[in-house]
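So the chains spell out like this:
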Amino acid sequence: MAHTPVNHPARPIYRAIGGLTGLYLVVFGVLGIIATAGNDVLAQDDTRVLGQGTNLVFSLVSIVFGIIVLAGTALGRNIDVVINQWVAYVLMVVGLGGLAFIRTDANIFNFNIGTVIVLMVAGMLLLMVGMYGKVGTDEEKEAWQKARLVL
């Protein structure tokens, strides 16, 4: 039995939110590459893009995750659901890891607190999108509705 809604009426809105989150990651990454041009790959300096600390590696990682989310959004067919959920988990783990190392030499992505907050919010948005974006058959939707009404 599915634990997430199937054929949610606001699915197009959730897909748009997922796409915008992926687009934000790509734009942030591109701006980060521009801002970090000439710096070391793993520089730990005061480079900021959109209020977030970054370096070349984290900018490239952001672009990769953004493209993955955008590709999943374009493909749809529940592929986006899986991609959004997994990318959300990864973003939240990276954000928490960055928070743990924010004031140490192990801060390889040059995070600041703004970066951690944005990663956590983006992760929660993608997780929400993944949970409410599932498409299924009418039978699956009916089974989910019946299970929901029992609770």
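For the structure itself, consult the block above.
Because the structure is predicted, anything quoted here is derived from the model rather than measured. (Residues numbered from 1 in each chain as written. Predicted model: local features only at pLDDT ≥ 70, side-chain atom pairs only at ≥ 80, totals over all residues. Heavy atoms only, no water.)

Core analysis: the biggest nonpolar cluster contains 17 residues, and Val87, Leu91 and Leu126 have the highest contact counts within it. Mapped onto this core, the elements with two or more residues apiece are helix 1 (11-35), helix 2 (56-75), helix 3 (79-100) and helix 4 (113-132). When residues no more than four places from it in sequence are discounted, the contact partners of Leu91 are Leu25, Phe65, Leu119, Ala122, Gly123 and Leu126. (Core = buried A, V, L, I, M, F, W, Y, C linked by side-chain atoms within 4.5 Å. Buried < 20%, exposed > 50% of the residue type's maximum accessible area, 1.4 Å probe, protein only. Helix = DSSP H or I, 4+ residues; strand = E, 2+ residues; numbered from the N terminus. Contact = heavy atoms within 4.5 Å.)

This part is about a nonpolar patch on the surface. Taken together, Leu20, Leu23, Tyr24, Val27, Val30, Leu31, Ile34 and Leu50 make up a surface patch of nonpolar side chains, about 690 Å² in accessible area. Here Leu20 is to be found in helix 1. The class for Leu20 is exposed, based on a relative accessible area of 56%. (Patch = residues over 30% accessible without salt bridge, like charges linked within 9 Å, V, L, I, M, F, W, Y side chains within 5 Å. Areas by Shrake-Rupley, 256 points an atom, 1.4 Å probe, with all protein chains shown as cover. Salt bridge = Lys/Arg side-chain N within 4 Å of Asp/Glu carboxyl O.)

Tallied over the full model, the rule gives one cavity of 30 Å³ or more. A volume near 40 Å³ is recorded for the largest cavity. If you trace the largest cavity, you find it lined by Leu25, Phe58, Val61, Ser62, Phe65, Leu91, Val94 and Leu119. Among the elements that line the lining of the largest cavity, the one with the most residues is helix 2, at four residues. For the lining of the largest cavity, a count of residues per class yields seven nonpolar, one polar and no charged. (1 Å grid on protein atoms, 1.4 Å probe; cavity = no way out; pocket = protein on both sides within 12 Å on 5 of 7 lines; lining within 4 Å. Points joined across faces, edges and corners; volume = space filled by probe spheres on them. Nonpolar A, V, L, I, M, F, W, Y, C, P; charged D, E, K, R; others polar.)

On to helix 4, then. For helix 4, built from 20 residues, the straight-helix expectation of 28 Å at 1.5 Å per residue is met to within 8% by its first-to-last C-alpha distance of 29 Å. Along helix 4, the positions that sit buried rather than exposed are Thr115, Val116, Leu119, Ala122, Gly123, Leu126, Leu127, Val129 and Gly130. End-on, the buried residues of helix 4 take up no more than an arc of 160°, which puts them together on one face. Turned more than 90 degrees away from the buried face of helix 4 sit Ile113 and Met124, all of them exposed. On its buried face, helix 4 sits against helix 1, strand 2 (52-53), helix 2 and helix 3. Capping the start of helix 4 is the job of one residue whose side-chain oxygen sits 3.2 Å from the backbone nitrogen of Gly114: Asn112. (Expected span 1.5 Å × (residues − 1). Arc of directions from axis to C-beta. Polar contact = N/O pair within 3.5 Å; in protein donor to acceptor, adjacent residues only side chain to side chain.)

A separate point is the packing of helix 1 against helix 2. Two elements in contact, helix 1 and helix 2, have axes separated by 7 Å at closest approach and are oriented at 155°. Relative to helix 2, helix 1 is oriented roughly antiparallel. The crossing of helix 1 and helix 2 is left-handed. (Axes fitted to C-alpha atoms, helices over the stretch in contact; angles between N-to-C directions. Parallel < 35°, antiparallel > 145°, perpendicular 65-115°, else oblique. Left-handed = near helix turned anticlockwise from the far one by under 90°.)

One can find Ser62 in helix 2. The spatial distance from the C-alpha of Ser62 to the C-alpha of Ala106 is 19 Å, given a sequence separation of 44 residues. Every residue in contact with Ser62, bar those within four places of it in the chain, is listed here: Leu25, Val26, Phe28 and Gly29.

This part covers the environment of Glu139. Along the chain, Glu139 turns up in helix 5 (residues 138-150). Along the primary structure Glu139 and Val6 are separated by 133 residues, whereas in three dimensions their C-alpha atoms are 9.9 Å apart.

In short, shape yes, function no, at least from these values alone.
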